[in-house]
Amino acid sequence: MSELIPGLDDLSQKGCIEVSSGGSEFEWMKFEQRKLYTNAFIVVDGKILLGYKKRGFGVHKYNGFGGKVDAGETSIQAASRELMEEAGIESSLEHAGTFLFLIAGVEWAFHIDIYRADSYTGTPIETEEMHPHWFRINDEDHLDTPPIPFDKMWESDDLWFPLLLKKRNFIVRTDYIREGERDVLRKWCVKETSFNAS
Ligand SMILES: Nc1ncnc2c1[nH]c(=O)n2[C@H]1C[C@H](O)[C@@H](COP(=O)(O)OP(=O)(O)OP(=O)(O)O)O1
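Residues numbered from 1 in each chain as written. Predicted model: local features only at pLDDT ≥ 70, side-chain atom pairs only at ≥ 80, totals over all residues.

1. Section: helix α2 (residues 157-165)
What sets the pattern is the α-helix's 3.6 residues per turn: residues three or four places apart point alike. Those residues of α2 not exposed but buried are Asp157, Leu159, Trp160, Leu163 and Leu164. Projected onto a plane normal to the axis of α2, the buried residues spread over an arc of 150 degrees and lie on a single side. On the buried face of α2, the contacting elements are β1 (17-22), β2 (33-44), β5 (94-103), β6 (108-117), β8 (169-179) and β9 (182-193). Just downstream of α2 lies lysine 167, where phi reads positive at about 60 degrees. (Buried ≥ 20, exposed ≤ 12 C-beta atoms within 10 Å, placed from the backbone. Helix = DSSP H or I, 4+ residues; strand = E, 2+ residues; numbered from the N terminus. Arc of directions from axis to C-beta. Contact = placed C-beta atoms within 7 Å.)

2. So, the site of the ligand
In the vicinity of the ligand there are 16 residues, among which Gly56, Phe57, Gly66, Gly67 and Trp154 approach most closely. Within the shell around the ligand, the residues separate by chemical class into six nonpolar, eight polar and two charged. (Near = placed C-beta within 6 Å. Nonpolar A, V, L, I, M, F, W, Y, C, P; charged D, E, K, R; others polar.)

3. Looking at the pairing of β6
Burial analysis of β6 places seven of its ten residues in the buried class, which makes it a mostly covered element. Alignment of β2 against β6, held across ten bridges, turns out to be parallel. From the neighbouring strand, arginine 34 faces β6, where its bridge partner is alanine 109. In terms of strand pairing, β5 meets β6 through seven bridges, oriented antiparallel. Bridging from a neighbouring strand, phenylalanine 99 pairs with isoleucine 112 of β6. Taking the residues that link successive antiparallel strands as the turn, the β5-β6 hairpin has four residues, and the phi of glycine 105 there is positive, at about 100 degrees. (Pairing = 2+ DSSP bridges.)

4. Side note on unusual backbone geometry
The phi dihedral of aspartate 45 falls on the positive side, at around 50 degrees, and the residue is not glycine. Among the structural elements, aspartate 45 can be located in the loop between β2 and β3 (47-53). Located in the positive-phi region is lysine 167, a residue other than glycine, with phi close to 60 degrees. Its location among the elements puts lysine 167 in the loop between α2 and β8. Judged by the 11 C-beta atoms lying within 10 Å of it, lysine 167 is exposed.

5. Things to note about the environment of aspartate 141
You can see aspartate 141 is positioned in the loop between β7 (130-136) and α2. Expressed as a C-alpha distance, the spacing of aspartate 141 and lysine 47, which sit 94 residues apart in the sequence, is 9.2 Å. Apart from the residues lying within four places of it in its own chain, the contact partners of aspartate 141 are Gly46 and Arg136.

What follows is the structure in C-alpha cells.
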C-alpha cells in the first residue's frame, strides 16, 4: 500500500490507487485546526463551467464555485448555496473528492469537499465574486471554446482534474508555500478511491 496521507481518514485510503505524488524531500505541514469548504464543478456536453475569481482568496484564478461551510449547514447544502450565490444556478451535486489543502501562513487546513454535476438549471451569471466561463474538456470537440486554463488555476488542479472529468472519486492533499505573490505547490499526493471519502 502507498504511504497514508496524513490529515485524511486512514480507512478511506484503504484500497486506493496512488495517481501522483511529489515533494518527498519535504515534511507535510502541521496543522491544529481544520475548516470545511466546498467546490463544485458543472460538466455538460464536453464543457466545464469555471468561475474567474474577482476578489478574496484565490483572486484572479479560475476555479469551481464554492466557499466555507456555514455553522448549521451540511457540506452539500453549502455547496448548493455557494453555486447559487456565485453562479446563479441550481444543480443536483454528487460528491467527487476530498481535498486537504494547506498553505504556509494560514494556520488552518482547508478540508474541501469537491462536487460535480452533469446538469443544472438556470443561466450562469456574473456575480460579485465570480465571472463564469465555459471551457472544452478535450481537443476533439468544441474547438470554438477555449481549453481549460490550467496556467491560471491552482497549480495542483491538473493533477486531479482528469479524475474529476472521468467521474472517478479521489482524495488529494496539497501543501503550498508563498513565494512573493505566488502560491507554489511544494508537496502533494493524489489517490483514486473506489468510494466516497468524507
Ligand atoms: N488549492 C486549491 N485548489 C482548488 N480549489 C481551492 C484550493 N484552495 C482553495 O481554497 N480552493 C477553493 C475552496 C473554495 O471553493 C474556495 C475558497 O473559498 P472562499 O472563496 O475563500 O470562501 P467564501 O466563503 O466564498 O469566502 P468569502 O465569501 O468570505 O469571500 O477555493
